[in-house]
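# Observations on the model geometry
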Amino acid sequence: MTVSVFDLGDDENRFSPDWLQRAHSFLDGVEGPLVTTGGGKFYSNGLDLDWLMANGDKASEYVADVQELFARVLTLPVPTVAAINGHAFGAGAMLAMAHDFRVMRSDRGYFCFPEADINIPFTPGMAALIQGKLTPSAAIASMTTGRRFGGADALSVGLVDEIAAEGDVVKVATERVQALAGKDRGTLGAIKATMFAPAVTALRTPA
């Protein structure tokens, strides 16, 4: 089965409204296994804070759209892998966490939830997403410290499932997801919806 590869972009890949629309449109057409990756030194830097500062009256709608993206990826009825080619910060790291698996570049790039250092608390939905994927100790180590994890450190605490050389990240991610191709969409979607029901409910509840 063909693997769909969603290229997040070749800049910081922040979640602008246009970017979010593109992401949702891409997911509408996904029928087989999914790999997401960036094209530069960033996987994603997350929220478009410049746009958010200039459009404060639309903040609630914007956050709801971001959280809907997380909920969709979390429960997508196909195998999913984030091929983390570079930095994954904040909501960009949360997007990676919403996938079934994560493969990160081993030599460069950081995986980081900087919220504790930039004074932006996690919404209940975002916290539930992260905590639904990590052990309590890993959640504390990553969510309360703002620590920047390189590939090996991210692997050691369970933030990612595998690390690979720069040129092999997408290849390794694709091989991992191809090995899971052919699962019944209805069954897989139901399993994920049940597994992550608390996170999905929190993500789809207005913050």
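Please refer to the structure placed before this passage.
For clarity, every value in this text was computed on a predicted model and none was experimentally measured. (Residues numbered from 1 in each chain as written. Predicted model: local features only at pLDDT ≥ 70, side-chain atom pairs only at ≥ 80, totals over all residues. Heavy atoms only, no water.)

### Notes on the pattern of salt bridges
Applying the stated criterion across every chain, the model contains ten salt bridges. The salt bridge involving R14 is made with E12; its shortest N-O contact spans 2.8 Å. The salt bridge partner of D107 is R105, with a shortest N-O separation of 2.6 Å. The structure contains a network of salt bridges with shared partners spanning R105, D107 and E166. (Salt bridge = Lys/Arg side-chain N within 4 Å of Asp/Glu carboxyl O.)

### Let's talk about the sheet that holds strand β7 (residues 111–112)
One key point about sheets: their strands pair by backbone hydrogen bonds, in either a parallel or an antiparallel sense. Across the sheet, which stays open at both edges, the three strands sit in the order β3-β5-β7 with parallel pairing between neighbours. Whereas interior strands pair on both sides, the edge strands pair on one side only; in this sheet they are β3 (42–44) and β7. In this sheet, strand β5 (residues 87–89) lies alongside β3 in parallel orientation, the contact comprising two bridges. Bridging across to β5, F42 finds its partner in H87. The sheet strands contacting helix α4 (residues 91–98) are β3, β5 and β7, and the helix crosses β5 at an angle near 100 degrees. (Pairing = 2+ DSSP bridges. Helix = DSSP H or I, 4+ residues; strand = E, 2+ residues; numbered from the N terminus. Contact = heavy atoms within 4.5 Å. Axes fitted to C-alpha atoms, helices over the stretch in contact; angles between N-to-C directions.)

### Some points on the sheet that holds strand β4 (residues 80–84)
As summarised here, the arrangement of the five strands in space is β1-β2-β4-β6-β8, forming an open sheet in which the pairing is parallel. Lying at the two open borders of the sheet, with one neighbouring strand each, are β1 (4–7) and β8 (162–164). Sheet twist, expressed as the mean angle between neighbouring strand axes with direction ignored, is 20 degrees. Looking at chain direction, β4 and strand β6 (residues 101–105) are connected through four bridges and run parallel. The residue of β6 that forms the bridge with I84 is M104. Of the strands in this sheet, β2 (34–37), β4, β6 and β8 are in contact with helix α9 (residues 169–178), which crosses β4 at around 170 degrees.

### Regarding the side chain of R72
Turning to its location among the elements, R72 is positioned in helix α3 (residues 59–74). Of the polar contacts made by the side chain of R72, one reaches the side chain of D28; its length is 2.9 Å. Each residue touching R72, except ones within four places of it in the same chain, is listed here: H24, L27, D28 and R204. (Polar contact = N/O pair within 3.5 Å; in protein donor to acceptor, adjacent residues only side chain to side chain.)

### With respect to the nonpolar core
Residues F15, W19, F70, I84, L95, F111 and F113 are the most contacted members of the largest nonpolar core, which totals 52 residues. Looking at this core, the elements with two or more residues in it are α1 (17–28), α3, β4, α4, α6 (124–131), α7 (136–143) and α11 (197–203). At eight residues, the largest contribution of residues to this core is made by α3. For W19, the residues in contact, after removing those within four places along its chain, are F6, L8, R14, L69 and L95. Membership of the second largest hydrophobic core comes to ten residues, among which are V35, A83, V103 and V169. (Core = buried A, V, L, I, M, F, W, Y, C linked by side-chain atoms within 4.5 Å. Buried < 20%, exposed > 50% of the residue type's maximum accessible area, 1.4 Å probe, protein only.)

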